[in-house]
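# Geometric and topological summary
As a plain string of letters, each chain reads:
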Amino acid sequence: MNYFTLQRYIFEISTSNLKKMTNLELARLKVFQAQRSDLLAMWEKQEIDDKLFRQLEHELDVEESHIARAEIS
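Heads up: these notes are all about the structure in this document. (Residues numbered from 1 in each chain as written. Predicted model: local features only at pLDDT ≥ 70, side-chain atom pairs only at ≥ 80, totals over all residues. Heavy atoms only, no water.)

In this section: the overall build of the protein. Counting secondary structure elements, the protein contains 3 helices and 0 strands. Going residue by residue from the N terminus, the α and β elements of the protein occur as α-α-α. Split into buried and exposed, the 73 residues of the protein put 25% on the buried side. (Helix = DSSP H or I, 4+ residues; strand = E, 2+ residues; numbered from the N terminus. Buried < 20%, exposed > 50% of the residue type's maximum accessible area, 1.4 Å probe, protein only.)

Below you can see the structure in the form of structure tokens.
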């Protein structure tokens, strides 16, 4: 699953369940958004290379997908 597909999937889950989400779940979502933003900023400033960017992005994808699956259950 690539970044944009996952983001759309999480957005759909988040918007449909936004009123049902707990403060903890909302905080987790904001943390992931901040992490992605920081990761992208580091890459754009060439503080990290493409390989590290993809590796860290993949780790975020995995973490987010685990939370998304837990919200569905």
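Time to look at the packing of aromatic side chains. Centre-to-centre distance and the angle between the planes together describe a pair of aromatic rings. Overall, the coordinates contain 1 aromatic pair when judged by the stated rule. With a centroid separation of 5.3 Å and 35° between ring planes, the pair formed by W43 and F53 is classed as tilted. On the criterion of sequence distance, the pair formed by W43 in helix 2 (residues 23-44) and F53 in helix 3 (residues 50-72) is long-range, its members being 10 residues apart. The class of W43 is partly exposed, set by a relative accessible area of 33%. (Phe/Tyr/Trp six-rings, centres within 6.5 Å; stacked < 30°, edge-to-face > 60°.)

Okay, the pattern of salt bridges next. Counting across every chain of the model gives 2 salt bridges. A salt bridge links D61 to R36, with the shortest nitrogen-to-oxygen separation between them at 2.4 Å. Here D61 is found in helix 3, whereas its partner R36 is found in helix 2, with 25 residues between them in sequence. Each member of the pair, D61 as well as R36, is classed as buried. For E64, the salt bridge is made with R36, and the minimal N-O distance between the two is 2.5 Å. Placement of the pair is E64 in helix 3 and R36 in helix 2, with a sequence separation of 28 residues. Accessibility assignment for this pair places E64 and R36 in one class, buried. The structure contains a network of salt bridges with shared partners spanning R36, D61 and E64. (Salt bridge = Lys/Arg side-chain N within 4 Å of Asp/Glu carboxyl O.)

By themselves, these are just geometric observations and shouldn't be taken as functional.
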